[in-house]
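Coordinate analysis (summary)
Read off the chains here:
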Amino acid sequence: MDPIIEIKNLSKSFGDVKAVQDLSLQVREGELFAFLGINGAGKSTTINIMCGQLSKDGGHICIDGADLDQNPQHIKEKLGVVFQNSVLDSALSVYDNLQSRAALYGLTGKAFVRRMEELSELLEFKDLLKRAVGKLSGGQRRRVDIARALIHKPKVLILDEPTTGLDPKTRNILWNVITDLRKNENLTVFLTTHYMEEAGEADYVVILDSGRIAAQGTPLELKNAYTADHVTLYGVDEEVVQSMQVSYAGSKDTWQLAVPNTQKATELIIQYPHIFKDYEITKGKMDDVFLAVTGKKLEGGAEK
């Protein structure tokens, strides 16, 4: 399958700061693609270049078969973008914000009304259409941000930390909508996030560090490559745990055994069936992957 997004040897510097260095990646159509990195790693710089808001120093970007240098208008028509910070006009109503945005894509009259009704029902903001955006809560505004990005039915939705600071209910609404659109409309989603449970649901993950790709693969591939499994064992004394001669931590009757992979955990259980009466196996998490790859913790906030 041909990629819907293809970036080759992309570079961008701000003075002496090399924000993006020889970046190459591909995103397949319909994929949930997670683009991870700490603040300043180059994620937002890459996105701004993809959207035509920032010039690049070198490299090539092709989206939906169009070269960014040769046909930027086609790319803009195929992209929907939810930026870290809302770009809605606070003084205008929700309806007026969406109407003005739709008009830029030639979506007017009854066609706009139909699309607006679809999205307001999908994202649960029908009762907010007449309200000024400036009077909305953060979660309400975010739902309208998503609607703004989807108003023209883009093929690629770029989500730049879309759920940071949102309440669990709003996060669930947004992800249910995105899942539905990917399933029914084959929408491609290009995601940056500081929530590793969201990245763990991606089809493919790229971890960026200082403008370069530090690691990439499916969540499972990355977990297997960069983290260990843990077996939590309940209801046994420490002397029993010591008898297995494995690295462990814990206290009283709860112990965490460190094993390199699930196969080793299985071998341990088969070898000591009388010990493993009450236990659970946990794979490494994406947080562990990120820390192992970059040596840094992922934290929220805006980046350059």
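The paragraphs below set out a description of the structure included in this document. Predicted model only: the values in this text are computed from it and were never measured.

Moving on to the sheet that holds strand 12 (residues 248-251). If you walk across this open sheet you meet the 4 strands as 12-13-11-14, and the pairing is antiparallel. Strands with a single pairing partner mark the edges of an open sheet, and in this sheet they are strand 12 and strand 14 (279-282). If you compare each strand with its neighbour and ignore which way they point, the axes differ by 15° on average. Two elements, strand 11 (residues 229-234) and strand 14, share 4 bridges in a ladder whose sense is antiparallel. Each residue of the ladder has a partner; that of Leu-233, found in strand 14, is Tyr-279. Contacting strand 11, strand 13 (254-259) and strand 14, helix 10 (residues 262-271) crosses the sheet at an angle of about 125° to strand 13.

Moving on, we come to the sheet that holds strand 6 (residues 79-82). Within the open sheet, the 6 strands sit side by side as 6-7-8-3-9-10. Their pairing is mixed. Of all strands in the sheet, those bounded by a partner on one side alone are strand 6 and strand 10 (212-217). The average angle at which neighbouring strand axes cross in this sheet is 15°, direction not considered. Relative to strand 7 (residues 156-160), strand 6 runs parallel, the two sharing 4 bridges. Following the sheet pairing, Leu-79 is matched in strand 7 by Val-156. Of the strands in this sheet, strand 3 (32-36), strand 7 and strand 8 (188-192) touch helix 6 (residues 168-185), which is tilted by about 145° from strand 8. Across the sheet, helix 8 (residues 219-226) is in contact with strand 9 (204-209) and strand 10; its angle to strand 10 comes to roughly 105°.

On the secondary structure map, Gly-65 appears in the loop between strand 4 (58-63) and strand 5 (66-67). With relative accessibility at 70%, the residue Gly-65 sits in the exposed group. The sequence separation of Gly-65 and His-194 amounts to 129 residues, and the corresponding C-alpha distance is 30 Å.

Next up on the list: the pattern of salt bridges. Applying the stated criterion across every chain yields a total of 12 salt bridges. Here Lys-12 and Asp-57 are joined by a salt bridge, their closest N and O atoms 3.8 Å apart. Taken as a pair, Lys-12 in strand 1 (residues 3-14) and Asp-57 in the loop between helix 1 (43-50) and strand 4 lie far apart in primary sequence, 45 residues in all. Residue class for Asp-57 comes out partly exposed when judged on its relative accessible area of 48%. Across the pair Asp-203 and Arg-182 runs a salt bridge whose closest N-O atoms are separated by 2.7 Å. Of this pair, Asp-203 sits in the loop between helix 7 (196-199) and strand 9 while Arg-182 sits in helix 6, placing them 21 residues apart in sequence. Asp-203 gets classed as partly exposed once you look at its relative accessible area, which sits at 31%. By relative accessible area, Arg-182 is classed as partly exposed at 22%. Shared partners join several salt bridges into a network, and the residues in it are Arg-171, Glu-197 and Glu-198.

About the cut-offs
Residues numbered from 1 in each chain as written. Predicted model: local features only at pLDDT ≥ 70, side-chain atom pairs only at ≥ 80, totals over all residues. Heavy atoms only, no water. Pairing = 2+ DSSP bridges. Helix = DSSP H or I, 4+ residues; strand = E, 2+ residues; numbered from the N terminus. Axes fitted to C-alpha atoms, helices over the stretch in contact; angles between N-to-C directions. Contact = heavy atoms within 4.5 Å. Buried < 20%, exposed > 50% of the residue type's maximum accessible area, 1.4 Å probe, protein only. Salt bridge = Lys/Arg side-chain N within 4 Å of Asp/Glu carboxyl O.

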